[in-house]
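Overview (structure and organization)
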Amino acid sequence: MAGQKGRDFLIRISDGAEPESFNTIAGVRTSTFELNQKGVDATSMESPDGWRELLAGAGLRWVRVRGRGLFKDAASDERMRAVFMGGELCRFRLTVPGLGELTGPFQISQLGWGGTHDGEATFSIDLQSAGAISFEAAS
């Protein structure tokens, strides 16, 4: 696989309408997507040579997404604030170049703002998946 541009990693938030559309979170400069899985230990006295065994198809899977960037006061920023303040679960679409798109419900577990007196205003966001995540491979 050829190298990928970091700016092609996108975090998009649902507008909550029907039909649904997704808006790119404005101002994101860095983003990190993690796919996680916790297995179920199925090791027993009969496990070959004492090696740990995991139970296939069992356990927990989750996605964590983190982003940092410039605060732009765009529609996506307003939507993020409303979702966080309302304690809502919201659908997000994540684009990972060369891999595909992940879509599903997330909770905004952290939303922060910062800045210096001689610089720009910044924000940070941390998302935790809150249900089944669908995956569509890149074409």
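As shown above, the structure is provided for reference.
Here's what I pulled together on the structure shown here. (Residues numbered from 1 in each chain as written. Predicted model: local features only at pLDDT ≥ 70, side-chain atom pairs only at ≥ 80, totals over all residues. Heavy atoms only, no water.)

What about helix H1 (residues 75-85)?
Turn by turn, an α-helix covers 3.6 residues, leaving residues three or four places apart pointing in a common direction. For H1, every residue scored as buried is listed here: Ser76, Asp77, Met80 and Val83. Looking straight down H1, one finds that the buried residues subtend no more than 130 degrees of arc, so they occupy a single side. For H1, the exposed residues set more than 90 degrees away from the buried face come down to Ala75, Glu78 and Met85. As for H1, its buried residues are in contact with strand S1 (10-14), strand S2 (22-24), strand S5 (89-96), strand S6 (100-115) and strand S7 (121-129). Phi turns positive, to about 65 degrees, at glycine 87, one or two residues after H1. (Buried < 20%, exposed > 50% of the residue type's maximum accessible area, 1.4 Å probe, protein only. Helix = DSSP H or I, 4+ residues; strand = E, 2+ residues; numbered from the N terminus. Arc of directions from axis to C-beta. Contact = heavy atoms within 4.5 Å.)

What about the pattern of salt bridges?
Under the criterion given, the structure shown has six salt bridges. One salt bridge connects glutamate 101 with arginine 12, and the closest N-O pair in it is separated by 2.5 Å. With glutamate 101 in strand S6 and arginine 12 in strand S1, the pair connects residues that are 89 residues apart, well separated along the chain. Classification of glutamate 101 by relative accessible area gives partly exposed; the value is 23%. Looking at arginine 12, the relative accessible area reads 16%, which means it is buried. The residue aspartate 126 makes a salt bridge to arginine 64 at a minimum N-O spacing of 2.5 Å. Placement of aspartate 126 in strand S7 and of arginine 64 in strand S4 (residues 60-70) is noted, with a sequence separation of 62 residues between them. Relative accessible area serves as the criterion here: at 8%, aspartate 126 is assigned to the buried category. Take arginine 64: its relative accessible area is 25%, and that puts it in the partly exposed class. Each of the salt bridges in this network shares a partner with another, and the network as a whole consists of Arg12, Arg93 and Glu101. (Salt bridge = Lys/Arg side-chain N within 4 Å of Asp/Glu carboxyl O.)

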